[in-house]
Amino acid sequence: MTRLWQTVLALLCGSVTTLFGALAIVPTIILPNFRSDCLPGNEATLLLGRTLGVWCPASDPITNAFYLWRTSPLTELLHRTFFQDSAFTSFEFMFGTLVLFLGLWGLTRISLRTTDQTGATLFKTEATSVLTALFGALSCAVLYGHDRTAFAAISWFPLLLTAVLSARAAPSPILSPASSPFGLKLALIVLASMFLSFSANQLSLLLCASVLLFAVCLSRNCSKSSYGSLLIATATLLPALISLCLIPETPTPWYPQGSQVVPDDEIPGMLRPFFGPLPPVPFIDRWALRADYLSSFHVILIALFAALALSRRFSVSAARVLLLCGTPVALLFFDLRMPEPVSIISPLLVLPRIIPNLFFVPLEHTVIGLAALGLLIATASAHRTLGLVAAPLLGVISLLVLSTPTTEPSSTLDQAHPVSERHQLLLRSPSQFALRAHHWNALGLDRNWILEREDLIRNAHFTRVSKDSAEVTASHHPELSRLMIDGRSKTRWTAGGGSQKGGEWVSVRFSTPLKLDGVELFLGDYVTDFPRGLRVRGAETCDALGTPDSIEASGVVVVESPAWYGGLDFTAQGYPYFRGRHSMRLFFPSSEDFQCLVFEQIGESDGTDWSIAELRILESGKADIVSDADA
Amino acid sequence: MSDSSTNSPSITAPVTGWATHLFSAAISLVLFGLLTSTARVWQSNGPLLIPSGSYTLLPALVLLGLALFIRRRSPQRLSLSPEGFSLGLLLLFVSDWFDRSYNFFPNPSVRGEILLGALIFALLPARFRYKTIIAALPLSILLLAGVFLSESQGRLLFSDDHPSFLLRLALLREQFPKIPFYYPFWNAGLDARDFFATGSLGVFLLFSPVIYLAGLSNLLAGPLYNILVATLLFVVVPMSTFWAARFEGLKPIGQVTSGILSLCLGLVWYRWALKYGTMGFVLAAALTPLNFSLALSLLDLELRKPWRKALLFVVTSSLMLFWSPSGLVFVPVILTALVVVARRVLAGHRKPLATPTLVAGALLIAINIPWMSLFWSVSNVGRFLESSSATPTTASYSQAAAPADTAPLSSASLDAPSREVPAANAHRGTRHREGKIDLQKSMSLIREKAFSTNPLLIFLAIPGFLLLRKRSMYTLLTTSAWLIFLGAILVPLKPQLELDRMLVVLSMLLCLPAGAAASELLSSQRQGAWVKALVAGFLFASPLCTAAVLSNRTVDQYHFAGPLVRNLANAIKDLGGAGRTVFAGCIVHELEEGHIAPLTLMSGKELVASAPFHTLWRYTQVIPKSFMERGDAGIEDFFILMNATSVVAHEREWRDYFSARPEQYRLAWREDRFSLFERVLAVDQPFASGSGTLVERRTAGLEVRVASESAVLKYNYFPFLEAQGCEIFPAQVAPELQFIGLRNCPKDTDILIEAGSPLKRLGAP
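Criteria and thresholds
Residues numbered from 1 in each chain as written. Chains lettered and ligands numbered in written order. Predicted model: local features only at pLDDT ≥ 70, side-chain atom pairs only at ≥ 80, totals over all residues. Helix = DSSP H or I, 4+ residues; strand = E, 2+ residues; numbered from the N terminus. Buried ≥ 20, exposed ≤ 12 C-beta atoms within 10 Å, placed from the backbone. Contact = placed C-beta atoms within 7 Å. Nonpolar A, V, L, I, M, F, W, Y, C, P; charged D, E, K, R; others polar. Pairing = 2+ DSSP bridges. Axes fitted to C-alpha atoms, helices over the stretch in contact; angles between N-to-C directions. Parallel < 35°, antiparallel > 145°, perpendicular 65-115°, else oblique. Left-handed = near helix turned anticlockwise from the far one by under 90°. pLDDT = per-residue confidence, 0-100.

1. As for the overall build of chain B
Secondary structure summary: chain B contains 30 helices and 17 strands in total. The burial tally for chain B puts 53% of its 765 residues in the buried class. Within chain B, counting contacts between residues at least 6 apart in sequence, those at least 24 apart form 78% of the total.

Quick look at the structure:
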């Protein structure tokens, strides 16, 4: 069999197997976890109209990221033309996997080719290329299938890299026939870069620049002059730059200044990009992000060490492994493992500040993918068998990543119960964390309770508790507890000690049971003295002031918030948000009669007390009562 | 300063070695201590780094001792090296410098950008580094211009003086070269003469082809003016510095670095340019390095391309001098020129200066002396310089007798006002307080400006001085000292001159030595990769920080016109009646943070306000004192004398006042805090007495037809006004109002009232 036929056959077999593999994965892994569905009525069309695709708001339930995303116009076109009957998401996934396979196949072919391949050697090379690409593509599909954004971004990466490498390299018999002119290769680069850019959207510049870096590392014998290199770089980067310019501004809901929709990152001020679109408040939950990607980071780190350890044995260039895989891993290390004040000056948080629109999209998943691809390419390019080992390794990583429990039960929340259209909208907005956090805080309750109580929350006016109608005590400094109900916000009860250790509590007993919708532990001027975590228990009747132990049996938990994010409120458009952690407005899921309430501090903090300047209540049916002057 | 040495660097070859580095590090340390005073590690609540500036003296002495010790062991000439001065940058990086308020760096997290820049530079193959730095200038220009225009979103730049400047450009388009002239559209006629004081002429002449081609409506629309500003800031500025560096003989990297640094001077530069809108000053400052460099090179006897340089010098110097205080900057250059000439004469040179230089000097004088004389005469510069801060500054548009000297709105004089308005002297007369020289305050001012300035200019300029040509080095050192004296020490003596701007001019000039030092460091084969990377990191972060300024992401915010400006202009045009519209109360920056000056052009109507331009620094009521004292009747009389058919109220007191009198004022339009009230009983009557017809209002005068023996027009009288075929005289209609009186006019003949020849005003009192 001639060389050409072997290649065509290998390619055909590989493609078909990839498609079948992808098809097998689709129903089991991909579909239930798709997140960035386009919402009707929220479409932002491009300058060039629908021909270049439709931008839709996408949201990430793990990181709370919210951004505009557009599916690849090529994918849309193919789907509309040939596969209109199939589900678009399945088609998109399968097409992405196929593109990934083709790219990886090209890469391995370039890496493994030798000058005199004939007979069995040629067959082995073809088989290895196809198998490595097949395993690699399917593993990536598993790894990225649940993240449509990252998968779309990464799928074209190997193909562009192949195009760039073939243009940089000396003429080769198959991929770059001696007859093919440099101009044609450049055109191929532009084409591949265009497809990548229009698939990767905000991530395009980052990925195209990474392609160039990968190409520099992989080039064995670069035959191009600096002029040629400049042309290749321009052909690679220009479509990405154009694509960046075409991204419309994300239509974010308005949030008041100083409010929050995700837990505070504890960095003073708000990190903002130097230029380009800016969210009104930080959208990305850095805590969740760090927690979520940590396991995959560790796996890739172990894989990197293993590759380095085995590099001499299998004649793999350790420098190449370090450059292709070690660099992304190092970036991830600074981003995920270092304390946040150091992380904010790490490149993964710097790039979003200097590339327009990138500030909205978390990069970690893409960089993990780059590290994995880097490892695969570095090993496969050096050793035929190693590539075959590295590719399934990707699959193992993927499975580990998928099996890692996320910080938030995103998929279950989306699937478990039917929810209202408005709830769906909010779950795909930057307010999704605020919604979820309160769903979790209110134990065992219908998740819609916040939305049902929107009017109450929006118009809540808490009234102060009179000295005559209630008595209070506390675990620490009980002699100061009367200051909580003295009507003066300048005075306060404080647990003291300069820190919060957990276990501090405050108890209040009203003279008669009151139907309450919520309470406010007003901080007055002591805005940093909020409890880091809070549990509220209430009892309908009680004879004496309660303690956490005494009320445990007779009372119910009405609020449990292991981390305090701030008092809840709604924007004029109906998006929930936190008013800031100094706001201690607590809303109960339903109106209930309480005579005794016990507030227990369950968090930890060094350097700040827990204080309460005034205790205020929200009595049911009295929402329109204006609070006292302190309010 | 011998002629033979002028083209060679002051130190034949850069002196390197540890002694020099340590010596430089010692100076850098002291400079850091001087500027930061108390410094902490990393952030403002971090551990103490130095309790006060003087604490840096001890480690500096240790470093100096080490330098001297090394020098004794291996004789080296002590000099200054950029590597040593990079210690200052390193200290700045690890200290709480980034946390200081009004910092050029918008956020302490900018350390990440600096590190990334350093990393990229360090990892770049050596052959790419040179190309990357060269490409950085055009990329920075594109980035910054793009960010600015994208931020504008097609809206007109409207901060502070920008609208006034736009009006000046539009008026110049109509009237140049017949300036100054009488402008009847504002405040019942005013003397339009501040083209001289504000430097508008320079900007106008530079962009005149575009301004003439575009037309008035395009100019007022917004995008064109923004493009002019962007061209000035992102093309003229870097190109001027780039060419200055080229004339100074800097290497290409030095030229490019100087250009980049001029784009990234600091927060104060963009405050003056975008927030305050002093475009005349911006042009003058932008051209300073080029003129400095050209002036010094013209002193050489053997010049390359002498005529080209001479011609360029004449053009750019004239453009610069249109902002007249820029002449002060060149005092040391003039002294240098005198010394050079004197030495050559004493040395027996028959021709102490080259012919092109002499021609350039003569041309410069011939072009600029006429307008300067006129400026001195019509603007009462002498009186302005002698005035104290108690008087309003730069009363450039003199308002004959109308609102300038009026009392504030008194709550007693109105029925409705419920809130007391600021008293007459509640605000100071200028931005700075008048006082005596106070070195401590001067030091504070320098510190404040230092935080707002790009630190590369501070820490690289000093070693960079030594890398310039000898004559340039000495002159630039003298100029720097002179500018610090003017900008930091002399400010309280003449606050009306706002001499603190000289520190901005200084930072522009420092781009040359800083560029020279950066070039020496980045392009040399010296050791110290981390030092190079650090400097490259700061250089990488500089355009990004500037982009943050342009994106309004720093404490200094500038503004664009919202729809309110156009809506207000349309409301005045459509609903304001045939007569004038009066802005009640005191209006300064209340309309979209800018002056209301161009509203006359946008609406096509005559307007009256306390201050359409930046002539007020205290609350000044538009209605003169004598009228206000008479209560409602006085207010009504004033409106009649002003031929007001509508009033605009933006202060609550005035809104309430007009709303409470529905029989006299009817609300016709409202948006935001601006309300337009029609004067119900008003009749458009441009004559205060006598009869006649106002045939036409022109940009520079009036055309009337008088039917009676004599008549008084409701327009301010100025002694320079002339009326064809008529006798013109001042008619005192109120203690504060002096209108145009006409008598012995031919019947049924159009009479043109306009300013007489500017030459007649020379020497006039």
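2. As for the overall build of chain A
Within chain A, the regular secondary structure consists of 21 helices and 16 strands. In chain A, which comprises 631 residues, the share counted as buried stands at 50%. Look at the contacts in chain A between residues 6 or more apart in sequence, and 78% of them connect residues 24 or more apart.

3. Structural notes on the interface of chain B and chain A
A common measure of how large an interface is: the accessible area buried when the components associate. With 13 residues of chain B at the contact, the number on the chain A side is 12 residues. Elements with a contribution of two residues or more to the side of chain B that touches chain A: α4 (110-123) and α24 (529-550) of chain B. Considering each element in turn, the side of chain B that touches chain A owes the most residues, five residues, to α4 of chain B. A breakdown of the residues in the side of chain B that touches chain A according to their chemical character gives six nonpolar, four polar and three charged.

4. As for the pairing of strand β9 (residues 674-679) of chain B
Residues and elements named next belong to chain B. Where burial is concerned, most of β9 is hidden: five out of the six residues are buried. Where strand β7 (residues 644-649) and β9 come together, four bridges link them in antiparallel fashion. Bridging from a neighbouring strand, A649 pairs with S675 of β9. Bridge count for strand β8 (residues 665-671) against β9 is six bridges, and the pairing is antiparallel. Note on β9: the bridge partner recorded for E671 is F674.

5. Examining the sheet that holds β7 of chain B
Hydrogen bonds along the backbone pair up the strands of a sheet, which may run parallel or antiparallel. Taken in spatial order, the five strands make up an open sheet running β6-β5-β7-β9-β8 (chain B), and their pairing is mixed. A single partner strand is all that each edge strand has here, and the edge strands are β6 (607-608) and β8 of chain B.

6. Quick word on the packing of helix α11 (residues 252-263) of chain B against α24 of chain B
All names here are of chain B. In the contact formed by α11 and α24, the axes pass within 9 Å of each other and the chain directions differ by 30 degrees. Here α11 is positioned roughly parallel relative to α24, judged by the angle of their axes. Relative to α24, α11 is oriented so that their crossing is left-handed. Contacts from T257, I260 and L263 in α11 reach L539, S542, P543 and T546 in α24. In the contact of α11 with α24, the residues fall into four nonpolar, three polar and no charged.

7. Quick look at the confidence of the model for chain A
Residue and element names in this part refer to chain A. Taken over all residues, the pLDDT of chain A has a mean of 81, while the share at 70 or more is 81%. Every residue in residues 39-50 is under pLDDT 50, and counting partners more than four places away or in other chains gives 21 contacts. Counting contacts from residues 172-178, a segment whose pLDDT is below 50, to residues more than four positions away or on other chains yields 13 contacts.

8. Quick look at the packing of helix α11 (residues 318-337) of chain A against helix α14 (residues 364-380) of chain A
Residues and elements named next belong to chain A. Where α11 contacts α14, the two axes come as close as 8 Å, and the packing angle between them is 160 degrees. Accordingly, the angle class assigned to the pair α11 and α14 is roughly antiparallel. For the crossing formed where α11 meets α14, the hand is left-handed. Contacts from R320, V321, L324, C325, P328, V329, L331, L332 and D335 in α11 reach E364, V367, I368, L370, A371, G374, L375, I377 and A378 in α14.

9. Observations concerning the sheet that holds strand β13 (residues 710-716) of chain B
All names here are of chain B. Taken in spatial order, the four strands make up an open sheet running β10-β13-β16-β15, and their pairing is antiparallel. Both edges of this open sheet fall to β10 (687-689) and β15 (727-734), since each of them pairs with a single strand only. Each neighbouring strand pair of the sheet contributes to a mean axis angle of 40 degrees, computed without reference to strand direction. One ladder, built from five bridges, connects β13 with strand β16 (residues 737-743); its direction is antiparallel. Bridging across to β16, S710 finds its partner in R743.

10. A closer look at unusual backbone geometry
For residues besides glycine, phi is generally negative; the peptide bonds are generally trans as well. Residues and elements named next belong to chain B. Of note, the amide linkage connecting F176 to P177 takes the cis form, showing an omega dihedral of 10 degrees. Here P177 shows up in the loop between α6 (162-175) and β3 (181-183). With an omega of -5 degrees, the peptide bond running from I179 to P180 counts as cis. Looking at where P180 falls in the secondary structure, it is placed in the loop between α6 and β3. Although it is not a glycine, W42 sits at a positive phi angle of roughly 70 degrees. Mapped onto the secondary structure, W42 falls in the loop between β1 (39-40) and β2 (48-50). A positive phi angle, close to 50 degrees, is found at N187, a residue other than glycine. Assignment of secondary structure puts N187 in the loop between β3 and β4 (190-192). Overall, N187 belongs to the buried group, with 28 C-beta atoms counted inside 10 Å.

11. Things to note about the pairing of strand β8 (residues 505-522) of chain A
Residues and elements named next belong to chain A. Bridging between strand β5 (residues 470-474) and β8 involves five bridges; their strand directions are antiparallel. If you follow V472 over to β8, its bridge partner there is V508. Note: β8 against strand β16 (residues 614-619), six bridges, orientation antiparallel. For V519, the partnering residue across the bridge sits in β16 and is I617.

12. Quick notes on the environment of V506 of chain A
Residues and elements named next belong to chain A. Mapped onto the secondary structure, V506 falls in strand β8. Given 25 C-beta atoms within a 10 Å radius, V506 is considered buried. Taking C-alpha positions, V506 is 7.3 Å from V472, a pair spaced 34 residues apart along the chain.

13. Looking at the environment of R129 of chain B
All names here are of chain B. Here R129 is to be found in helix α5 (residues 126-152). On the basis of neighbour counts, which here come to 18 C-beta atoms within 10 Å, the residue R129 falls in the partly exposed class. Taking the C-alpha atoms as reference, R129 lies 10.0 Å from A536; in sequence the two are 407 residues apart. For R129, the contacting residues outside a window of four places in its chain are F121 and L124.

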